Amino acid sequence: MRARVLVLHTGGTIGMAAAADGLRPMAGFGAVLEQHLAAQAAALPALDIVELDQLIDSANLRPAHWRTIAEALLARWERHDGFVVLHGTDTMAWTASALSFMLRGTDKPVILTGAQIPLLAPRSDAPANLHGALALATGTPVREVGVYFHHRLLRGNRSSKLKSTAFDAFDSPNYPPLAELGIELALHRERLLPAAARDFIVPAFDADAVAVLTMHPGLSSHVAAAVADTPALRGLVLRSYGAGNVADAEPALMAALARAVARGVVVVNVTQCTYGGVRQGAYATGAALSRIGVVAAGDMTLEAAFAKLHVLLARHADPATVRAQFAQPLCGELS
Ligand code: ASP
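Cut-offs used in this document
Sequence order as written defines residue numbering, which begins from 1 separately in each chain. For a predicted model such as this one, the threshold for reporting local features is a pLDDT of at least 70, and the threshold for listing and counting side-chain atom pairs is 80 or more; totals across whole chains, interfaces and linings nevertheless cover every residue. Neither water nor hydrogens contribute to the side-chain values; these are computed over all heavy atoms in the structure. In this analysis, axes come from line fits to C-alpha atoms, helices being fitted only over the stretch in contact, and the angle between any two N-to-C directions falls in the range 0 to 180 degrees. Segments assigned H or I by DSSP are reported as helices when at least four residues long, segments assigned E as strands when at least two residues long, and all are numbered from the N terminus. Crossing chirality is assigned from the near helix's rotation relative to the far helix, an anticlockwise turn below a right angle marking it left-handed and a clockwise turn marking it right-handed. Every residue pair with non-hydrogen atoms within 4.5 Å of one another is taken to be in contact. Note on residue categories: nonpolar means Ala, Val, Leu, Ile, Met, Phe, Trp, Tyr, Cys or Pro, charged means Asp, Glu, Lys or Arg, and polar means any other residue, Gly included. Buried residues are those whose accessible area, probed at 1.4 Å on protein chains only, stays under 20% of the maximum for their type, while exposed residues exceed 50% and partly exposed ones sit between those limits. Residues grouped as a nonpolar core are buried Ala, Val, Leu, Ile, Met, Phe, Trp, Tyr and Cys residues, joined through side-chain atoms within 4.5 Å.

(A) Representation of the packing of helix α8 (residues 302–315) against helix α9 (residues 319–326) in the model. At their nearest, the axes of α8 and α9 sit 10 Å apart, and the two run at 145° to each other. For the element pair α8 and α9, the recorded crossing hand is right-handed. Contacts between α8 and α9 involve A305, K308, L309, L312 and L313 from the former and V322, Q325 and F326 from the latter. Among the residues forming the contact of α8 with α9, the class breakdown is 6 nonpolar, 1 polar and 1 charged.

(B) Spotlight on unusual backbone geometry. The residue R123 is not glycine, and still its phi comes out positive at about 65°. Relative to the helices and strands, R123 is located in the loop between β7 (110–113) and α4 (126–136). Residue class for R123 comes out exposed when judged on its relative accessible area of 66%. Of note, the phi angle at H150 is positive, near 50°, even though the residue is not glycine. Assignment of secondary structure puts H150 in the loop between β8 (145–149) and β9 (152–155). On the basis of relative accessibility, which here comes to 31%, the residue H150 falls in the partly exposed class.

(C) The arrangement of the nonpolar core in detail. Ranked by size, the top nonpolar core spans 53 residues in total, and within it L73, L99, M102, V110, L112, L309 and F326 carry the most contacts. Among the elements that line this core, the one with the most residues is α8, at 8 residues. In contact with L73, other than residues within four places in its own chain, are L6, L8, F83, V85, L103 and V110. Membership of the second largest hydrophobic core comes to 28 residues, among which are V5, V7, A133 and A137.

Shown next, in the form of structure tokens:
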């Protein structure tokens with residue numbers, strides 16, 4: 001039987017065209033895509049192309065879109081052998097991370113891709129990304145959510161967009177690529193997630209539930225308190241320095257964080273460094289966070305920590321459960 005792949009178009013540069021004020025998602029991109037792929041139909045799996053009702057520049061992505069995307073995949077799950085999600089690059093790593101936590105134990109490949117230049121523009125990187133993603137979406141042992149970009153398959157929840165103008169926009173600083181696609185496919189089987197039981201959950205997200213606070217020299221305790229004391233807040237991602245350090249000599253800042261933890265906000269600590277992770281006891285300025293109950297995010301990316309917190313908070317009412325699960329590797333996001 002010929003394999004069947006669902007291509008879900010959500011928006012992003014790949015399907016954009018110039019408007020008076022810059023690039024915007026174009027109407028009718030599904031038909032353009034169909035025509036583009038028709039030329040090589042014989043060499044491709046059978047394809048179904050679906051577009052979201054509202055195509056977005058992924059800068060406009062909200063956590064509710066994660067649910068829309070996951071539901072669109074799950075509604076067609078049994079009919080397809082693999083999935084390619086076309087997505088804007090700006091928040092692709094965030095969506096890939098969220099999908100990985102919603103589709104734990106996936107029994108099919110879910111490959112996100114996009115482009116830095118629209119498919120219909122000269123010198124577009126879209127054809128290579130699209131065809132690479134299609135090649136990985138069937139006939140390989142990949143059973144996880146990946147980001148395919150510029151000849152490499154990265155684990156979705158390890159990926160970050162690191163370059164705004166280069167074709168190799170994405171990298172996976174703390175985990176090596178799962179595959180490289182040259183003339184031949186070099187798949188690193190030993191790096192893939194082992195098979196696991198399906199644990200699919202597509203929760204309703206509350207965008208107000210999670211915020212990100214970046215440590216910087218002179219971070220105002222008023223700003224930190226304004227964020228930490230927000231009534232709807234249930235999770236806070238603190239972006240610390242280096243091995244996980246913050247200004248522990250600022251009592252009002254530490255008090256704002258401690259107050260949040262005490263009222264049940266799950267505060268997690270990711271490093272601002274691209275490589276490596278948080279070792280919260282390495283310095284006294286990090287140990288101070290352990291004392292007030294901040295959870296170290298190890299070598300998780302910001303995107304993975306944020307999405308994991310959102311999914312866990314949408315799934316569990318009890319902060320203790322969220323804290324415990326956050327600290328565990330759930331689907332390859334944490335070493
Ligand atoms: N702003 C675009 C988006 O994220 C950028 C891209 O797709 O490359 O939708």
